[in-house]
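A structural walkthrough
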Amino acid sequence: MSLSLTGGRSELGRLLVQRRATRKIHINIAGQHANTLLHDGHAWKGFSHVALAGVRRALRSDANMLVHASFAFVVGQPRKDPLRSIAATILECERLVLSGRVPACVVRLGYLYGPESRDLRAYRSAFRIGRPYWAGSREALQYHLHQYDAVSALLTAAKPRHVGKIFYATDGKPLSFMRFMDDFARRVGNPLPLHVPRIATPIIRLVVREEHMQQAALAMPSRAPRPRVPGWRPVFADYRKGLDQVVEKWSAHGD
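So, a few notes on the structure that sits alongside this text. (Residues numbered from 1 in each chain as written. Predicted model: local features only at pLDDT ≥ 70, side-chain atom pairs only at ≥ 80, totals over all residues. Heavy atoms only, no water.)

1. So, the pairing of strand β2 (residues 25-28)
The alternating pattern of β2 places I25 and I27 on one face and H26 and N28 on the opposite face, and all of these are buried. When strand β1 (residues 3-6) meets β2, the two strands line up parallel, connected through four bridges. Bridging across to β2, T6 finds its partner in N28. Crossover β1 to β2 through helix α1 (residues 11-16) is left-handed. Taken together, β2, helix α2 (residues 47-59) and strand β3 (residues 65-71) constitute a β-α-β crossover, and its handedness is right-handed. (Buried < 20%, exposed > 50% of the residue type's maximum accessible area, 1.4 Å probe, protein only. Helix = DSSP H or I, 4+ residues; strand = E, 2+ residues; numbered from the N terminus. Pairing = 2+ DSSP bridges. Right-handed = clockwise from strand over helix to strand, strands pointing away.)

Right, dumping it as structure tokens:
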């Protein structure tokens, strides 16, 4: 059997192409390059066009099953633009997929991170020279997901009994972007990571887009969103173990 992809040139795509499917399935990951808190909002540029075009391509697939990778943060119900408009596009993509001619399900993924992340490598470089970052709110808790766990969740979801359903795949333990990144900084040699102070917001907007600021401030529910993909559990349910794996893999490859 075969596995085909829309958006296969992405970081997630490079991992998925290494896997095999037990049935003829198609996975749409178009737009997932933006599903992370590790960029400064620039990955959202042109998102609506990329996401909707990806859905149209995926719906032309001759697969027996379509799995559409979506975004768990929509459960936080953004109330302000531009993030509100992005969430509306995400929900429209889900609607189109579930009403299309190909039997399909939706998997809403947590914010992605992992050893394939170029953005995480960029943060490593920035932390090593002591550069401050926009940390967002300490109280805004979000759900993350290791790239390897995202791959396994999407493949696990590709079953006929899941057609027409929306599932979630997150690590299940909410924490703030600030805590996540501070812990990462310490793992790459920066024991005291610096945060951009709120008073510098007008200046930092020249570098960090509003989308990222809104994401870092958007709190998700204290309980992990459900239903989770049936039969799937994250290997890296503890983000600290996930970050350890990232650093260890980089070290093993001399990065």
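Once the structure has been displayed, the description carries forward.
2. Observations concerning the packing of helix α4 (residues 118-128) against helix α6 (residues 177-187)
Where α4 meets α6, the closest approach of the two axes is 10 Å, and the angle between their N-to-C directions is 65 degrees. When the interaxial angle is binned, α4 and α6 end up roughly perpendicular. Here α4 runs over α6; the crossing is right-handed. Residues L120, Y123, R124 and F127 of α4 form the contact with α6, whose participating residues are F177, M181, F184 and A185. Here the contact of α4 with α6 is built from residues that sort into seven nonpolar, no polar and one charged. (Axes fitted to C-alpha atoms, helices over the stretch in contact; angles between N-to-C directions. Parallel < 35°, antiparallel > 145°, perpendicular 65-115°, else oblique. Left-handed = near helix turned anticlockwise from the far one by under 90°. Contact = heavy atoms within 4.5 Å. Nonpolar A, V, L, I, M, F, W, Y, C, P; charged D, E, K, R; others polar.)

3. Observations concerning the packing of α2 against helix α3 (residues 83-98)
It is at 10 Å that the axes of α2 and α3 come closest, and there the two elements cross at 5 degrees. Relative to α3, α2 is oriented roughly parallel. Seen from α2, the contacting residues are F47, S48, A51, L52, V55 and L59; seen from α3, they are I86, T89, I90, E92, C93, L96 and V97. The residue makeup of the contact of α2 with α3, split by class, is ten nonpolar, two polar and one charged.

4. Re the packing of aromatic side chains
Going through the model one piece at a time under the given rule, you end up with 15 aromatic pairs. Judged by centre distance (6.0 Å) and plane angle (15 degrees), the rings of F73 and Y111 are stacked. Of the two residues, F73 sits in the loop between β3 and α3 while Y111 sits in strand β5 (residues 111-113), which places them 38 residues apart along the sequence. Looking at F73, the relative accessible area reads 1%, which means it is buried. Since its relative accessible area comes to 1%, Y111 is described here as buried. Of the aromatic side chains, those joined through ring pairs into one cluster are Y123, F127, Y133, F177, F184 and W250. (Phe/Tyr/Trp six-rings, centres within 6.5 Å; stacked < 30°, edge-to-face > 60°.)

5. Description of α2
In an α-helix there are 3.6 residues to a turn, and that puts residues three or four apart on one side. Along its 13 residues, α2 runs 18 Å from first to last C-alpha, staying within 8% of the 18 Å computed at 1.5 Å per residue. Those residues of α2 not exposed but buried are F47, A51, A53, G54, V55, A58 and L59. Elements that come into contact with the buried residues of α2 comprise β1, β2, β3 and α3. (Expected span 1.5 Å × (residues − 1).)

6. Things to note about the pattern of salt bridges
Opposite charge on two side chains allows them to pair when their charged atoms are near. For the structure shown, the criterion picks out nine salt bridges. The residue E92 makes a salt bridge to R95 at a minimum N-O spacing of 2.8 Å. With a gap of three residues between them, E92 and R95 both fall in helix α3, about one helical turn apart. Classification of E92 as partly exposed rests on a relative accessible area of 30%. For R108, the salt bridge goes to E94, with nearest N and O atoms at 2.7 Å. Within this pair, whereas R108 is found in strand β4 (residues 104-109), its partner E94 is found in helix α3, the two being separated by 14 residues in sequence. (Salt bridge = Lys/Arg side-chain N within 4 Å of Asp/Glu carboxyl O.)

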